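# Descriptive analysis of the structure
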Amino acid sequence: ELDGKVFDMKDYQPGVTAPPFHCWCRTTTCPYFDDEFTQGEERAYRDADGKTQYLEDMDYDEWYKKYVSNDEKYKYKETAEKNRASDKQQYESYVDVLGKENVPKNLNEFQDIKYNNSDEYDIMKAQVKGMSYYNKAVDNEPLITSTIKGVAQNNNVDILGLEYRLKTKDSYIGKIRRDYSDGNKGFEINDIIRYTYGTDSTSLADKTLSCIDNLENMEYNTVKVKNSWLDKNNPYNGINTTVKAPNGQKFEIQYHTQESFDLKNGKMHELYEKQRVITDKRSVEYIRLQDEMFDLSDALRKPKDVERVKSHG
């Protein structure tokens, strides 16, 4: 605010009219001559790209209003510099929470996203917030797994793929990115913890209903059932349920025959991974993959009385 101000030497007072004004102050003074030698002088400044430019003599306030206040590129640089210390702390906390592989490579890239890419920044914030949701699920998993094992034993069903009962951190973070939208922050998903009960095709329906009842008696409420065996528009075949534990933690239980389980985790998964990266759902390759998945699912033995398991929720 003192830029361009002129003072008499009798008024020279460090910290008031002359530098230093604060620790590490870079302010300086220069002689003032009110004569023809100062007419038409120019001042130098660095632009947003760091290049030196020259302009007509003006003070800082005039320069700021003319060249900075209405220029988004300058405003970003100014904001980023003013917030660099706090942004550094935020960036380091994001690295701690998400891991180096899931955040921008350095502070400059982080600030560029924060101030110039609101969509990407919102996703990053959702991922950070989601990790508290993820860590809570990890804490709840041992007790839920113990219950799942007990129900499996009571109903004489197998637990398939138990070693995959927890979605990995990187997989979870990636799912937030894929599912994120303005109305869906993406982190409250039901399959961070997931299990698969397996039995033969003749008893799948009976065992599914029996397990659901057994869980209900233990206050593990099945809040959603999706029986894809009855969905002609979906090549996936299985019974997916969402269960809510007494402490409020939601998790997923799938009910499969060994045959449908092996297909889901084998060839069907391979085809699905190829198909989901194709954005044009009318493309020849997308339709070809879809047809191949339907051919595989049509070859599965349909479980006896599977219609008894009704979709809801």
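Below you will find a few notes about this structure. (Residues numbered from 1 in each chain as written. Predicted model: local features only at pLDDT ≥ 70, side-chain atom pairs only at ≥ 80, totals over all residues. Heavy atoms only, no water.)

### Observations regarding the packing of helix α8 (residues 258-265) against helix α9 (residues 267-275)
Between α8 and α9, whose axes approach to 3 Å, the crossing angle comes to 35°. Along its contact with α8, which presents L263, K264 and N265, the element α9 presents K267, M268 and H269. For the contact of α8 with α9, the class distribution of residues is two nonpolar, two polar and two charged. (Axes fitted to C-alpha atoms, helices over the stretch in contact; angles between N-to-C directions. Helix = DSSP H or I, 4+ residues; strand = E, 2+ residues; numbered from the N terminus. Contact = heavy atoms within 4.5 Å. Nonpolar A, V, L, I, M, F, W, Y, C, P; charged D, E, K, R; others polar.)

### Here's the deal with helix α7 (residues 204-217)
Over its 14 residues, α7 extends 20 Å from the first C-alpha to the last, a length consistent with the 20 Å expected when each residue adds 1.5 Å. Every buried residue belonging to α7 is among L204, A205, T208, C211, I212, N214 and L215, and all of these are buried. Tucked inside the fold, the buried residues of α7 contact α5 (118-155), β4 (194-198), β5 (221-227), β6 (239-244) and β7 (250-256). (Expected span 1.5 Å × (residues − 1). Buried < 20%, exposed > 50% of the residue type's maximum accessible area, 1.4 Å probe, protein only.)

### Some thoughts on the pattern of salt bridges
In the structure shown here, the tally under the stated rule is 22 salt bridges. Among the salt bridges present, the one from K82 reaches E78, with a minimum N-O distance of 3.7 Å. With K82 and E78 both in helix α2 (residues 72-82) and four residues apart, the pair spans about one turn of that helix. For R308, the salt bridge goes to D206, with nearest N and O atoms at 2.3 Å. A residue pair is termed long-range when its members are at least 10 positions apart, and R308 in the segment after α10 (284-298) and D206 in helix α7 qualify at 102 residues. R308 sits in the partly exposed class, given a relative accessible area of 43%. The exposure class assigned to D206 is partly exposed, which follows from its relative accessible area of 44%. Among the charged side chains, a salt-bridge network with shared partners connects K267, E270 and K274. (Salt bridge = Lys/Arg side-chain N within 4 Å of Asp/Glu carboxyl O.)

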